[in-house]
Amino acid sequence: MSETVISCHSVSKIFGPDPVGHLAEVKANPQASLAGYVHAVRDVDLEIQRGEMLVVMGLSGSGKSTLVRCLSRLVEITGGSVTVEGQDIATLSEAGLIDLRRRKMGMVFQSFGLLPHRTVLDNVAFPLEMRGQDRSSRYASAREMLELVGLAGRESYFPRELSGGQQQRVGIARSLVVKPDIWFLDEPFSALDPLIRREMQDEFLRLKGLLNKTVIFITHDFDEALRLADRIAIMKDGRIVQCDSPDQIVLHPATEYVARFTADIDRARVVRVGSLARPLDGSPEGAAWSSGRTIRDLARDLVADSRTVIPLTDANGTIIGGVNRQEALDVLLGDGA
Amino acid sequence: MGAMAKGKGVAQVILAVAVGLALSKALLPQGLIRPPDWLILPFADWINAVFYFVQNDLGLMAVTRAFSDVVEWLLDVTANLLYGKSRWPNLGPIPWTVIAVTAFMAGYALKGWRLATLSGGTFVWIALMGQWKWAMETLSVIVVATPFSVMLGLAMGVLAWRLPWFERVLNPVLNIAQSLPHFAYMIPVVVFIGVGPKAGAIVTIIFSVPPMIRMTILGLKKVPEEVIEAGKMSGSTRWQLLTRVRIPTARSEILIGSTRSSCNALPWWCWPVSSACRGWGKSCCNCFRR
């Protein structure tokens, strides 16, 4: 069923005068000094499935932006390999790389990266212009994208005449205009104020539901990661310390560092009952619940119900197991788990 | 602290030597006061030798003359259009009213009534002051030299930004070009190009190109990294990235550069006279002669 779109195998990136030599040194002796070198990404292994939404979360300097740039070869990796749809991108020629970006990839940037001398319409049509598409067809596609992100009527504005949120909508429209399979977003909402950020997240979820793409989303905001992700990769000092679903990260943080992020999170909002499912001993008893709902959604039912084990169903209505009511109540009330 | 104390000590020794030399002037041999003739290097001869070698043996003359022929042809065209020199295309001179109205319309199209009044009004005023012919002679050089220096500056600026070693070589050359006395340009230009309006135009180009180069380099270096990455992710080739992302994004610096370039070109109307150019320079010189 699932198909790997991007896979990274022990990817490393070192910035400095002799990165390859330094990598060998670090491999031989992990404690080797880093004077003059920045080891931005260390030995990252990652598989991204088609249609998946992966959020890379980390504080600034954790290497998350560099990692994502390695995936599109905006940054050349020092060691390891990156494979996109079965093709090792390090072996691509310049023309092959350009072709890959033109057909398969779109990217949104933190500070938008819009061209200041072009109108909104020309900015959105830019990737199509690079492909050599004729003016009328590229404007038609660009208008369609602007409609999609809610900026119809602003075609002839210049980026400086728009608010931050609107500029990022232009950036999103531009990244989608080539209908890419893989969509990179590098802290797209970090430069926006909180209310607009919330609005843009909703907008993003709407677009994501509409388009069904493989999404790699970078953020330093743990709440944002929990809200949007299918899977979260938490990075620290260039390493991925945990890569798991939001439920699992909240319920079973792998390290002390991850636990610090999850400490203040209201788990009941994040954890879905399905992640507490256990195989049923006997036959299911009473009405089953959908496993995709969060504990918070089910709070009233949990308190009112009297069964010990409540059966759960997947999206197709098949029974997949049961949840221990006491365990779910523990998550809701914030103890145990 | 140590380095400072040491520097102070050295300074004191140097001061003591200088004071000693000054006090003992009467006792010193003549050769230490005025440099004797045998000490002076035959630098002029060396330079002449190099000059003749480059000029005659290397065939650089042929290159510079070919370039100057292109410039001269362009100058003839503008001279014909602006003040009716009898050269191809033999259309000129354009009536002063037409030029004034054109300037007015260009000003209006660019910025509105105020610029229109300024640009059109200036031409009318020049005509009323009886300076029309000289102004057009000067303008005919400027309209050739300015685009040339803007294009040359842009090309060299891009090259210097692309190749760090070229920038390192270019920087001292630009410093010299901007600080050398203006007449010093004349000598090599007259040797390699000859005299006349084309020499005037080329001296103007040499003098006005450095700011354009400098601002182009600055502008290209200041383009935000994310804009470039966005260009790359949009699937730009290197050439597309340069012409449609980097240069347009650096446009404000490049425009400042070209303005500075034209401003540097304008005062040259006074100099072309020494290369037998015509225009305001000549009229100015006539005033001195009186």
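Everything quoted here is computed from the prediction, not taken from an experiment.

Focus: the overall build of chain A
Looking only at helices and strands, chain A has 13 helices and 13 strands in total. Across its three principal directions, the C-alpha atoms of chain A cover 65 × 60 × 35 Å. Burial status across chain A gives 39% buried among its 337 residues. Long-range contacts, defined as pairs at least 24 residues apart, comprise 65% of the intrachain contacts of chain A with a sequence gap of at least 6.

Quick notes on the interface of chain B and chain A
The interface is formed by 15 residues belonging to chain B together with 17 residues belonging to chain A. Every element with two or more residues in the side of chain B that touches chain A is listed here: helix 11 (225–233) and helix 12 (238–249) of chain B.

So, the sheet that holds strand 13 (residues 319–324) of chain A
Residues and elements named next belong to chain A. The three strands lie next to each other as 11-12-13, forming an open sheet whose pairing is mixed. Sheet topology places strand 11 (289–290) and strand 13 at the edges, where each strand pairs with a single neighbour. Here strand 12 (residues 309–313) pairs with strand 13 via five bridges, running antiparallel. If you follow Val-309 over to strand 13, its bridge partner there is Asn-324. Strands in contact with helix 13 (residues 325–333) are strand 12 and strand 13; relative to strand 13, the strand with the most contacts, it is inclined by about 65°.

A short note on the domain arrangement of chain A
Residue and element names in this part refer to chain A. Parsing chain A into structural domains produces domain 1 (50–76 + 88–266) and domain 2 (268–333). Placing the centre of domain 1 and that of domain 2 at their C-alpha centroids yields a distance of 34 Å. With eight residues of domain 1 in contact, the opposing surface of domain 2 contributes six residues. Among the elements that line the side of domain 1 that touches domain 2, the one with the most residues is helix 9 (residues 246–251), at five residues. Split by residue class, the side of domain 1 that touches domain 2 holds five nonpolar, one polar and two charged.

Details of the sheet that holds strand 9 (residues 231–236) of chain A
Residue and element names in this part refer to chain A. Spatially, the six strands line up as an open sheet ordered 6-7-8-3-9-10, and their pairing is mixed. The open sheet has two edge strands with one neighbour each: strand 6 (105–108) and strand 10 (239–244). Pairs of neighbouring strands in the sheet enclose a mean axial angle of 15°, with direction left out of account. Bridge count for strand 3 (residues 53–57) against strand 9 is four bridges, and the pairing is parallel. Residue Val-55 lies in a different strand from strand 9, and its bridge partner there is Ile-232.

With respect to the pairing of strand 7 (residues 182–186) of chain A
Residue and element names in this part refer to chain A. Judged by how many residues are buried, strand 7 sits mostly within the fold: five of five residues are covered. Along strand 7, one buried face is formed by Ile-182, Phe-184 and Asp-186 and the opposite face, lined by Trp-183 and Leu-185, is buried too. Relative to strand 7, strand 6 runs parallel, the two sharing four bridges. Residue pairing for strand 7: Met-107 is matched across the bridge by Phe-184. By the bridge criterion, five bridges tie strand 7 to strand 8 (residues 214–219) in an arrangement that is parallel. When the sheet's bridge partners are listed, Asp-186 is paired in strand 8 with Ile-218.

So, the pairing of strand 8 of chain A
Residue and element names in this part refer to chain A. Burial of strand 8 is extensive: six of the six residues sit out of reach of the surface. Sheet analysis places strand 3 next to strand 8, joined by five bridges and oriented parallel. When the sheet's bridge partners are listed, Val-55 is paired in strand 8 with Phe-217. At this point the chain moves from strand 7, through helix 7 (residues 194–211), to the parallel strand 8, and the crossover so formed is right-handed.

Observations concerning the nonpolar core
In this structure, Leu-54, Val-55, Val-56, Val-124, Ala-173, Val-177 and Ile-216 of chain A are the most contacted members of the largest nonpolar core, which totals 88 residues. Per-element tally for this core: the top contributor is helix 4 (residues 120–130) of chain A, with seven residues. When sequence neighbours within four positions are dropped, the list of residues in contact with Val-55 of chain A reads Phe-217, Thr-219, Ala-225, Leu-228, Ala-229 and Ile-232 of chain A. Counting 38 residues, the second largest nonpolar core, distinct from the first, contains Met-136, Phe-148, Ile-193 and Ile-217 of chain B.

As for helix 4 of chain A
For helix 4 of chain A, a buried count of nine out of eleven residues is recorded, marking the element as mostly surrounded by other parts of the structure. Along helix 4 of chain A, the positions that sit buried rather than exposed are Val-120, Leu-121, Asn-123, Val-124, Ala-125, Phe-126, Pro-127, Leu-128 and Met-130 of chain A. Looking at the packing, one finds that the buried side of helix 4 of chain A touches helix 3 (94–104), helix 5 (135–148) and helix 6 (164–176) of chain A together with helix 12 of chain B. Of the residues one or two after helix 4 of chain A, Gly-132 of chain A is the one with positive phi, at around 85°.

Analysis parameters
- Residues numbered from 1 in each chain as written.
- Chains lettered and ligands numbered in written order.
- Predicted model: local features only at pLDDT ≥ 70, side-chain atom pairs only at ≥ 80, totals over all residues.
- Helix = DSSP H or I, 4+ residues; strand = E, 2+ residues; numbered from the N terminus.
- Buried ≥ 20, exposed ≤ 12 C-beta atoms within 10 Å, placed from the backbone.
- Contact = placed C-beta atoms within 7 Å.
- Pairing = 2+ DSSP bridges.
- Axes fitted to C-alpha atoms, helices over the stretch in contact; angles between N-to-C directions.
- Domains from an automatic or database assignment.
- Nonpolar A, V, L, I, M, F, W, Y, C, P; charged D, E, K, R; others polar.
- Right-handed = clockwise from strand over helix to strand, strands pointing away.
- Core = buried A, V, L, I, M, F, W, Y, C linked by C-beta atoms within 7 Å.

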